[in-house]
Amino acid sequence: MIYSSTVRTIATILVLACIAGSIVVGLLHEPRTPLLAWTSLTVGAISLSVVLATRPSPKRDTVLFIISGMSGSIFIAAAKVDFPGTLPIWLWTIGTICIGTAALIVDAESAQSKSVNRL
């Protein structure tokens, strides 16, 4: 299964590692990194921490992964970091949106395979 608990946990930890890399990049560019960038980074980290701390639920996890991906996009836009430094942020953004999409697909497939009694 694409969205097993193990894959979900490993992917979330890898994305949290990308967020940690983004923190390092942001701290290196501290005078140029505005409050909006730090706020979006915090929202992304919190949403992924909730994913790790709770049981798998594809619908909820999809929303949290997409929120984290959008937070990465806001961080890229707000932080004035040049390309080599933005690499972990791009990985964060692309990774979370891909994982959220996979969770949505798995949820749709599981809903399609359930039989419905229409009496």
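The rules behind each value
- Residues numbered from 1 in each chain as written.
- Predicted model: local features only at pLDDT ≥ 70, side-chain atom pairs only at ≥ 80, totals over all residues.
- Heavy atoms only, no water.
- Helix = DSSP H or I, 4+ residues; strand = E, 2+ residues; numbered from the N terminus.
- Buried < 20%, exposed > 50% of the residue type's maximum accessible area, 1.4 Å probe, protein only.
- Contact = heavy atoms within 4.5 Å.
- Salt bridge = Lys/Arg side-chain N within 4 Å of Asp/Glu carboxyl O.
- Axes fitted to C-alpha atoms, helices over the stretch in contact; angles between N-to-C directions.
- Parallel < 35°, antiparallel > 145°, perpendicular 65-115°, else oblique.
- Left-handed = near helix turned anticlockwise from the far one by under 90°.
- Nonpolar A, V, L, I, M, F, W, Y, C, P; charged D, E, K, R; others polar.
- Expected span 1.5 Å × (residues − 1).
- Core = buried A, V, L, I, M, F, W, Y, C linked by side-chain atoms within 4.5 Å.
- Phe/Tyr/Trp six-rings, centres within 6.5 Å; stacked < 30°, edge-to-face > 60°.

### A word on the overall build of the protein
Next up, step 1: Regarding its fold elements, the protein presents four helices and zero strands.
Next up, step 2: Ordered by position in the sequence, the α and β elements of the protein form the string α-α-α-α.
Next up, step 3: Taken across its 119 residues, the protein has 38% of its residues classed as buried.
Next up, step 4: The long-range fraction of contacts in the protein, counting pairs at least 24 apart against all pairs at least 6 apart in sequence, stands at 76%.

### Comments concerning the pattern of salt bridges
Next up, step 1: What the rule picks out here adds up to one salt bridge.
Next up, step 2: Where Asp61 meets Arg60, a salt bridge forms, and the shortest distance between an N and an O atom there is 3.1 Å.

### Description of the packing of helix α2 (residues 35-53) against helix α3 (residues 58-78)
Next up, step 1: In contact at an axis separation of 8 Å, α2 and α3 are set at 160° when each is read in the N-to-C sense. When the axes of α2 and α3 are compared, the pair comes out roughly antiparallel. The two elements α2 and α3 meet at a crossing, and its hand is left-handed. Contacts between α2 and α3 involve Leu36, Ala37, Trp38, Ser40, Leu41, Val43, Gly44, Ser47, Leu48, Val50 and Val51 from the first element and Asp61, Leu64, Phe65, Ile67, Ser68, Ser71, Ile74, Phe75 and Ala78 from the second.
Next up, step 2: Of the residues in the contact of α2 with α3, the class split is 14 nonpolar, five polar and one charged.

### Some points on the side chain of Thr93
Next up, step 1: Mapped onto the elements, Thr93 comes out in helix α4 (residues 83-113).
Next up, step 2: Under the relative-accessibility criterion, Thr93 is labelled buried at 6%.

### As for α2
Next up, step 1: Between its first and last C-alpha, α2 extends 27 Å over 19 residues, near the 27 Å set by a 1.5 Å rise per residue.
Next up, step 2: Ala37, Trp38, Ser40, Leu41, Gly44, Ala45, Ser47, Leu48 and Val51 are the residues of α2 that are buried.

### Some points on the nonpolar core
Next up, step 1: Within the largest apolar cluster, 20 residues are counted, with the highest numbers of intra-cluster contacts made by Ile19, Leu41, Phe75 and Trp92.
Next up, step 2: Breaking this core down by element, the ones donating at least two residues are α1 (5-28), α2, α3 and α4.
Next up, step 3: Top contributing element to this core by residue count: α2, with six residues.

### Let's talk about α3
Next up, step 1: Here α3 spans 30 Å end to end across 21 residues, near enough to the 30 Å set by a 1.5 Å rise per residue.
Next up, step 2: Asp61, Thr62, Leu64, Phe65, Ser68, Gly69, Ser71, Gly72, Phe75 and Ala78 are the residues of α3 that are buried.

### Quick look at the packing of aromatic side chains
Next up, step 1: Taken as a whole and assessed by the stated rule, the structure comprises one aromatic pair.
Next up, step 2: Taking 6.3 Å as the distance between ring centres and 75° as the angle between the ring planes, the aromatic pair formed by Trp38 and Phe75 counts as edge-to-face. Note that Trp38 is positioned in helix α2 and Phe75 in helix α3, a separation of 37 residues in sequence.
Next up, step 3: Overall, Trp38 belongs to the buried group, its relative accessible area being 18%.
Next up, step 4: Taking the relative accessible area as the measure of exposure, Phe75 reaches 0% and is therefore buried.

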